Amino acid sequence: MELVDERQVQHYMVEFYKDLNKESFRPLPPINSYRKLSNAHRDALCLAVSEEEIYLNLKTMKGDGIPGSDGFNIGFFQRCWDVIKRDLIAVVQEFF
């Protein structure tokens, strides 16, 4: 596809980025309709995040989305995992 005028380019760019951010919207149920966590589940939320958990979740993410504030998209983290994993794990574990 050849884009020859400014409006075509603008339209193409808008549609491209709309597709990257496309998510289906579904309203959340009222807050009082959620079940409460058991003590065991609450305790599990306080455990350290493991390397395996981080990697498994990273692998399931769409890699070609819009870059984050650091300029890198998820694909960068997926492809460079062996090089950056120690630093990334440290950041995630410090956050949680």
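All values derive from a computational prediction rather than experimental measurement. (Residues numbered from 1 in each chain as written. Predicted model: local features only at pLDDT ≥ 70, side-chain atom pairs only at ≥ 80, totals over all residues. Heavy atoms only, no water.)

Chemist: Explain the layout of surface pockets to me, and be specific about the residues and the numbers.
Modeler: For the largest pocket, the calculated volume is near 340 Å³. What lines the largest pocket is a set of 15 residues, among which Val49, Ile54, Asn57, Val92 and Phe96 lie closest to the centre. Every element with two or more residues in the lining of the largest pocket is listed here: α2 (39-45), α3 (51-60), α4 (74-79) and α5 (81-95). In terms of residue count, the dominant contributor to the lining of the largest pocket is α3 (four residues). Of the residues assigned to the lining of the largest pocket, the class counts are 13 nonpolar, one polar and one charged. (1 Å grid on protein atoms, 1.4 Å probe; cavity = no way out; pocket = protein on both sides within 12 Å on 5 of 7 lines; lining within 4 Å. Points joined across faces, edges and corners; volume = space filled by probe spheres on them. Helix = DSSP H or I, 4+ residues; strand = E, 2+ residues; numbered from the N terminus. Nonpolar A, V, L, I, M, F, W, Y, C, P; charged D, E, K, R; others polar.)

Chemist: Talk me through α5; I want residue IDs and the actual numbers.
Modeler: Maximal helix bending in α5 amounts to about 35°, located at Asp87. Those residues of α5 not exposed but buried are Trp81, Ile84, Lys85, Leu88, Ile89 and Val92. Where α5 is buried, its residues meet α3 and α4. (Bend = angle between axes of the 7 residues up to and from the residue. Buried < 20%, exposed > 50% of the residue type's maximum accessible area, 1.4 Å probe, protein only. Contact = heavy atoms within 4.5 Å.)

Chemist: Explain the packing of α3 against α5 to me, and be specific about the residues and the numbers.
Modeler: Between α3 and α5, whose axes approach to 10 Å, the crossing angle comes to 115°. As summarised for this structure, α3 and α5 are arranged roughly perpendicular, according to the angle between their axes. For α3 against α5, the interelement crossing comes out right-handed. Contacts from Glu51, Ile54, Tyr55 and Leu58 in α3 reach Trp81, Lys85, Arg86, Leu88, Ile89 and Val92 in α5. Each residue belonging to the contact of α3 with α5 can be placed in one class, and the counts come to seven nonpolar, no polar and three charged. (Axes fitted to C-alpha atoms, helices over the stretch in contact; angles between N-to-C directions. Parallel < 35°, antiparallel > 145°, perpendicular 65-115°, else oblique. Left-handed = near helix turned anticlockwise from the far one by under 90°.)

Limitation: the analysis is restricted to geometry and does not speak to function.
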